[in-house]
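What follows is each chain in one-letter form.
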Amino acid sequence: MSLTIELVGSTDRQLEDILRACGMVAAPLNGAELAAIAQPGRKQPDVLVLDLRGHGHLPAALPVLKRHHPSAGVLIVADRLEPALLLEAMRAGVTEVVAAPLVAHDIEAAINRLAVQRS
């Protein structure tokens, strides 16, 4: 199955390298591009990977994206699994969270779970 994966907020190549090692390719997006795809009628990604390492909050466009495109899968990558972030993520419709240190198997398994949820 070929997935459309968008990567938001990544400041290093680690996540891209992990995804590539798992046979996946992610198109990088910035915050403005995320806000654009969150609008109704826009083509949605199958999976949105949000790299929150270095920041501790979700992009404002995420709840909008999930409201207009509820089947888009969202994976958050964070430094730590802090309760406030997890609560905010759950309220925004996020179903997968992976904490650093990043392990290819964990990222791949989370994306595969999101893909299964879509089908």
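This structure is a prediction, so every number in the text was calculated from the model and none was measured.

Take the pattern of salt bridges next. Scanning the entire structure with this criterion turns up 6 salt bridges. Here D51 and R53 are joined by a salt bridge, their closest N and O atoms 2.7 Å apart. Each member of the pair D51 and R53 is classed as buried. The salt bridge partner of E82 is R80, with a shortest N-O separation of 3.1 Å. Accessibility expressed as a relative area gives 36% for E82, which makes it partly exposed.

The subject of this paragraph is helix α1 (residues 14-21). Within α1 the residues assigned to the buried category are L15, E16, I18 and L19. Taken around the axis of α1, the buried residues stretch over an arc of 160 degrees, which confines them to a single face. Of the surrounding secondary structure, the elements contacted by the buried residues of α1 are β1 (5-8), β2 (26-29), β3 (47-51), β4 (73-78) and α5 (104-118). Of the residues one or two after α1, G23 is the one with positive phi, at around 85 degrees.

Next up on the list: the packing of α1 against α5. Viewed as axis vectors pointing N to C, α1 and α5 meet at an angle of 70 degrees, and their least axial separation amounts to 9 Å. What the angle tells us is that α1 and α5 run roughly perpendicular. Contacts from L15, I18 and L19 in α1 reach A104, I107 and I111 in α5.

For helix α4 (residues 83-92), the set of buried residues is L85, A89 and A92. What you see down the axis of α4 is that its buried residues fit within an arc of 65 degrees, all on one side. Along α4, exposed side chains directed more than 90 degrees from the buried face belong to P83, A84, M90 and R91. One or two residues past the end of α4 sits G93, with phi positive at roughly 95 degrees.

The next subject is the environment of R53. When you line up the elements, R53 lands in the loop between β3 and α3 (61-68). On the accessibility criterion, R53 (14% relative accessible area) is buried. As a C-alpha pair, R53 and V77 span 24 residues in sequence and 6.6 Å in three-dimensional space. Reaching out from R53, the side chain makes a polar contact with the side chain of D12 at a distance of 3.1 Å. Within the structure, R53 has its side chain in polar contact with the side chain of Q14 (distance 2.8 Å).

This part is about the sheet that holds β3. In space, the 5 strands of this open sheet follow the order β2-β1-β3-β4-β5, with parallel pairing throughout. Every interior strand has two partners, whereas the edge strands, β2 and β5 (96-99), have only one. Averaged over all adjacent pairs, the angle separating strand axes in this sheet is 25 degrees, with direction ignored. Direction of pairing for β4 relative to β5: parallel, over a ladder of 4 bridges. Within β5, the residue paired with I76 across the bridge is V97.

Rules used throughout
- Every residue gets a number counted from 1 within its own chain, in the order that chain's sequence is written.
- The predicted origin of the model limits local features to residues at a pLDDT of at least 70 and limits the giving and counting of side-chain atom pairs to 80 or more, whereas totals for whole chains, interfaces and linings rest on all residues.
- Calculated side-chain values reflect all of the structure's heavy atoms, with hydrogen atoms and water omitted.
- Salt bridges are defined as contacts in which a side-chain nitrogen from Lys or Arg sits within 4 Å of a carboxyl oxygen from Asp or Glu.
- Each residue's exposure class comes from its accessible area (1.4 Å probe, protein chains only) as a fraction of the maximum for that residue type: buried when under 20%, exposed when over 50%, partly exposed otherwise.
- Under the scheme used here, helices are H or I runs from DSSP no shorter than 4 residues and strands are E runs no shorter than 2 residues, and both carry numbers assigned from the N terminus.
- In this context, the arc is that of the directions from the helix axis out to the C-beta atoms.
- Whether two residues are in contact is decided by their heavy atoms, any of which lying within 4.5 Å being enough.
- Fitting a line to C-alpha atoms yields each axis, with helices limited to the stretch in contact; the angle taken between N-to-C directions then spans 0 to 180 degrees.
- Working definition: roughly parallel below 35 degrees, roughly antiparallel above 145 degrees, roughly perpendicular at 65 to 115 degrees, and oblique for all remaining angles.
- Polar contact criterion, stated in full: a pair of N or O atoms within 3.5 Å, where within protein one must be able to donate a hydrogen and the other to accept it, and residues adjacent in sequence count only if both atoms are side-chain atoms.
- The pairing criterion for strands is at least two bridges between them, as found by DSSP.

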